[in-house]
Amino acid sequence: AGIVDKSKCKTHQLTGHSAGAPIMEYHTSKLRKNFAAHEMRTHEEIELVYVLRGSILISLKQRGEHTKTLYRRTLDAGDLAYYPGWQPHSLLSVEHAQAVYLAIRFLGNQPLSVEERET
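Residues numbered from 1 in each chain as written. Predicted model: local features only at pLDDT ≥ 70, side-chain atom pairs only at ≥ 80, totals over all residues. Heavy atoms only, no water.

Trainee: Can you help me understand a nonpolar patch on the surface in this one?
Mentor: A cluster of nonpolar side chains, contributed by Tyr50, Leu52 and Leu80, occupies part of the molecular surface with about 280 Å² of accessible area. Within the fold, Leu80 resides in strand E6 (residues 80–84). (Patch = residues over 30% accessible without salt bridge, like charges linked within 9 Å, V, L, I, M, F, W, Y side chains within 5 Å. Areas by Shrake-Rupley, 256 points an atom, 1.4 Å probe, with all protein chains shown as cover. Salt bridge = Lys/Arg side-chain N within 4 Å of Asp/Glu carboxyl O. Helix = DSSP H or I, 4+ residues; strand = E, 2+ residues; numbered from the N terminus.)

Trainee: Mind showing me how you'd approach the confidence of the model for the protein here?
Mentor: Detailed reading of the predicted model is not advised wherever pLDDT is low. Taken as a whole, the protein shows an average pLDDT of 77; of its residues, 69% reach a score of 70 or greater. The spread of mean pLDDT over the elements of the protein runs between strand E1 (residues 10–12), the lowest at 48, and strand E3 (residues 46–53), the highest at 94. Note that residues 1–5 has pLDDT below 50 and, in this model, 8 contacts with residues that lie over four places away or in other chains. A low-confidence stretch, residues 8–15 stays under pLDDT 50, and its non-local contacts, those more than four residues away or across chains, total 21 contacts. (pLDDT = per-residue confidence, 0-100. Contact = heavy atoms within 4.5 Å.)

Trainee: What is the right way to look at the environment of Ser59 in this model?
Mentor: On the secondary structure map, Ser59 appears in strand E4 (residues 55–61). A sequence separation of 12 residues divides Ser59 from Tyr71, and the C-alpha atoms of the two residues are 5.6 Å apart. Contacts of Ser59, omitting those with residues within four sequence positions, involve Met40, Leu70, Tyr71, Arg72, Pro88, His89 and Ser90. At 3.2 Å, the side chain of Ser59 and the side chain of Arg72 are in polar contact. (Polar contact = N/O pair within 3.5 Å; in protein donor to acceptor, adjacent residues only side chain to side chain.)

Trainee: I keep staring at unusual backbone geometry and nothing clicks. Help me out?
Mentor: With glycine set apart, most residues show a phi of negative sign, and most peptide bonds adopt trans. One non-glycine residue, Asn34, lies in positive phi territory at about 70°. Inspection of the secondary structure assignment puts Asn34 in the loop between strand E2 (23–32) and E3. Of the residues examined, Asn34 reaches a relative accessible area of 55% and is grouped as exposed. Even without being a glycine, Glu95 presents a positive backbone phi close to 70°. Examined against the element boundaries, Glu95 turns out to sit in the loop between strand E7 (89–94) and strand E8 (98–108). (Buried < 20%, exposed > 50% of the residue type's maximum accessible area, 1.4 Å probe, protein only.)

Trainee: Mind showing me how you'd approach the sheet that holds E7 here?
Mentor: Across a sheet, strands are paired by hydrogen bonds formed along the backbone, either parallel or antiparallel in direction. One open sheet holds the 3 strands; their spatial order is E5-E4-E7, and the pairing between them is antiparallel. Edge positions in the sheet fall to strand E5 (70–76) and E7, since each has one partner strand and no second. Neighbouring strand axes in the sheet, compared pairwise and without regard to direction, differ in orientation by 20° on average. Alignment of E4 against E7, held across 6 bridges, turns out to be antiparallel. Bridge pairing in E7 links Ile58 to Leu91. (Pairing = 2+ DSSP bridges. Axes fitted to C-alpha atoms, helices over the stretch in contact; angles between N-to-C directions.)

Trainee: Is there a simple way to think about the nonpolar core in this case?
Mentor: Soluble globular proteins: nonpolar side chains tend toward being buried together. Counting 13 residues, the largest nonpolar core has Ile56, Ile58, Tyr83, Leu91 and Tyr101 as its most contacted members. Those elements that place two or more of their residues in this core are E3, E4, E6 and E8. (Core = buried A, V, L, I, M, F, W, Y, C linked by side-chain atoms within 4.5 Å.)

Trainee: Before we go on, may I ask you to explain the side chain of His89 in this structure?
Mentor: Tracing the backbone through its elements, the reader meets His89 in strand E7. Relative accessible area serves as the criterion here: at 0%, His89 is assigned to the buried category. At 2.8 Å, the side chain of His89 forms a polar contact with the backbone oxygen of Gln87. Discounting chain neighbours no more than four positions away, the residues touching His89 are His38, Glu39, Met40, Arg41, Thr42, His43, Glu47, Ser59, Leu60 and Tyr83.

Here it is as structure tokens:
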């Protein structure tokens, strides 16, 4: 749990005028009410979460001298959250029978090989 299954992600290599933009991956997830996408975790990538349906409680834990501070906010359909992956975070479906969200993760500037692009 907590690891993105790369076989379910759509990965694109940007070329042309967008060659300098970070490589991204994205996936959609469906969560039943009171289910979490994963436990509080971190990763290298910057992440955007866009709520397509339902409501999600996002929790972001501060680092450094403010480690006990937890930021929580309910995101409803149409809301967007942006946070660095190194900040501990979790997502929990609340209020509705199901929540659906789109997660976009910026992976960096390393180009993918032809083999990686075709998988």
